[in-house]
Amino acid sequence: YAAFLHQLYLKRHERRAPPLLPDEEMERAFESSFPHEETPDQKKAIAETLKDLEREYPADRLICGDVGFGKTEVALRAIFRAVIK
């Protein structure tokens, strides 16, 4: 299975996609609608996830954590950037 995954990731790395660059004004307005302040770990996950979207390769990140620790907030920011582009 490891060999299969290795080949899969090599193929994914060959693909190109237009980078999803930030629209800081729209993203700031969207983020201001979230009722909770992000934890340091959430801020790090958000920054890393959005940085993934700025590359010309398909993003491939798994966000995991316990229930109620803000995974949805991380995902919504990535989804928002993808939708506005």
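Everything numeric in this text was worked out from a predicted model, so none of it was measured.

Participant: What should I look at first to understand helix H3 (residues 40-53) in this one?
Facilitator: Residues that lie three or four places apart on an α-helix share one face, since the helix turns once every 3.6 residues. Relative to the 20 Å expected for 14 residues at 1.5 Å per residue, H3 spans 20 Å between its end C-alpha atoms, a close match to the ideal helical length. When we look at burial in H3, the residues that qualify are Gln 42, Ala 45, Ile 46, Thr 49, Leu 50, Asp 52 and Leu 53. Buried residues along H3 cover an arc of 150° about the axis, so they all sit on one side. Exposed residues pointing more than 90 degrees away from the buried face of H3 are listed as Pro 40, Lys 44 and Lys 51.

Participant: Please clarify how the side chain of Arg 81 should be interpreted in this entry.
Facilitator: Tracing the chain through its elements places Arg 81 in helix H4 (residues 71-84). Looking at Arg 81, the relative accessible area reads 2%, which means it is buried. Separated by 3.2 Å, the side chain of Arg 81 and the backbone oxygen of Leu 50 make a polar contact. Discounting residues that sit within four places of it in the chain, Arg 81 has contacts with Leu 20, Leu 21, Pro 22, Glu 27, Leu 50, Leu 53 and Glu 54.

Participant: Help me understand the packing of helix H2 (residues 24-31) against H4 in this model?
Facilitator: Relative placement of two packed helices is described by the angle separating their axes and the distance separating the axes. The geometry of H2 relative to H4 is characterised by a closest axis approach of 11 Å and an angle of 140° between their N-to-C directions. Classed by the angle they form, the pair H2 and H4 counts as oblique. Seen along the crossing, H2 lies across H4 with a hand that is right-handed. Within the contact between the two elements, H2 uses Met 26, Glu 27, Phe 30 and Glu 31 and H4 uses Leu 76, Arg 77, Phe 80, Arg 81 and Ile 84. By residue class, the composition of the contact of H2 with H4 is 5 nonpolar, no polar and 4 charged.

Participant: I would appreciate a short explanation of the pattern of salt bridges in the present structure.
Facilitator: Where charged atoms from two side chains of opposite charge come close, those side chains can pair. A full pass over the atoms with the stated rule returns 10 salt bridges. Among the salt bridges present, the one from Arg 81 reaches Glu 27, with a minimum N-O distance of 2.7 Å. Here Glu 27 lies in helix H2 and Arg 81 lies in helix H4, a separation of 54 residues in the sequence. Assessed through its relative accessible area of 7%, Glu 27 is described here as buried. Arg 61 is paired through a salt bridge with Glu 48; the nearest N and O atoms lie 3.2 Å apart. With Arg 61 in the loop between H3 and H4 and Glu 48 in helix H3, this pair connects stretches of sequence that are 13 residues apart. The network of salt bridges with shared partners includes Glu 27, Lys 51, Glu 54 and Arg 81.

The rules behind these values
- Residues numbered from 1 in each chain as written.
- Predicted model: local features only at pLDDT ≥ 70, side-chain atom pairs only at ≥ 80, totals over all residues.
- Heavy atoms only, no water.
- Helix = DSSP H or I, 4+ residues; strand = E, 2+ residues; numbered from the N terminus.
- Expected span 1.5 Å × (residues − 1).
- Buried < 20%, exposed > 50% of the residue type's maximum accessible area, 1.4 Å probe, protein only.
- Arc of directions from axis to C-beta.
- Polar contact = N/O pair within 3.5 Å; in protein donor to acceptor, adjacent residues only side chain to side chain.
- Contact = heavy atoms within 4.5 Å.
- Axes fitted to C-alpha atoms, helices over the stretch in contact; angles between N-to-C directions.
- Parallel < 35°, antiparallel > 145°, perpendicular 65-115°, else oblique.
- Left-handed = near helix turned anticlockwise from the far one by under 90°.
- Nonpolar A, V, L, I, M, F, W, Y, C, P; charged D, E, K, R; others polar.
- Salt bridge = Lys/Arg side-chain N within 4 Å of Asp/Glu carboxyl O.

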